[in-house]
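Now for the letters of each chain:
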Amino acid sequence: MAAAAPLPLLKQAQTFLDQEEFESFVKSCSDILEQQPDSVQAARGKAFGYIQLGKYHEALGFLQSAEKFGLNLKGEKAYCQYWLNQFDQCLAMIKDARK
């Protein structure tokens, strides 16, 4: 199990999120993931930040790469696929997530 992310990084990410500074929030989540690659909260946060910025391609690419760490982010992935008009993949992802 990876060590917990340092408290200053978590506080910084929370500050950026509270201020709706999503570019900075994504960067903070990336910093956390560098130290704790299996952090589901940081991964969800990074995907959320990309989604808030309307960067669905970036979010989907990140979510696909996060799978190698065993992170279950199928709901977020389906959301991006929906916004990218990838309806068949979105539906398949939702069905898979319900298993």
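As shown above, the structure is provided for reference.
Quick summary incoming for the structure in this document.

Rules behind the numbers
- Residues numbered from 1 in each chain as written.
- Predicted model: local features only at pLDDT ≥ 70, side-chain atom pairs only at ≥ 80, totals over all residues.
- Heavy atoms only, no water.
- Salt bridge = Lys/Arg side-chain N within 4 Å of Asp/Glu carboxyl O.
- Helix = DSSP H or I, 4+ residues; strand = E, 2+ residues; numbered from the N terminus.
- Expected span 1.5 Å × (residues − 1).
- Buried < 20%, exposed > 50% of the residue type's maximum accessible area, 1.4 Å probe, protein only.
- Contact = heavy atoms within 4.5 Å.

## Quick look at the pattern of salt bridges
A side chain with one charge can pair with a side chain of the opposite charge if their charged atoms come near. Inspection of the entire model under this criterion finds 6 salt bridges. The shortest N-O distance in the salt bridge between D31 and K27 comes to 2.7 Å. With D31 and K27 both in helix α2 (residues 22-35), this residue pair falls 4 residues apart, about one helical turn. A cluster of three or more residues bridged by salt bridges with shared partners is formed by K74, D96 and K99.

## A closer look at α2
Taking 1.5 Å as the rise per residue, α2 with 14 residues should run 20 Å; its terminal C-alpha atoms sit 20 Å apart, in good agreement. Restricting attention to buried positions, one finds in α2 the residues F22, F25, V26, S28, C29, S30, D31, I32 and L33. Looking at the buried side of α2, the elements it contacts are α1 (7-18), α3 (40-52) and α4 (56-66).

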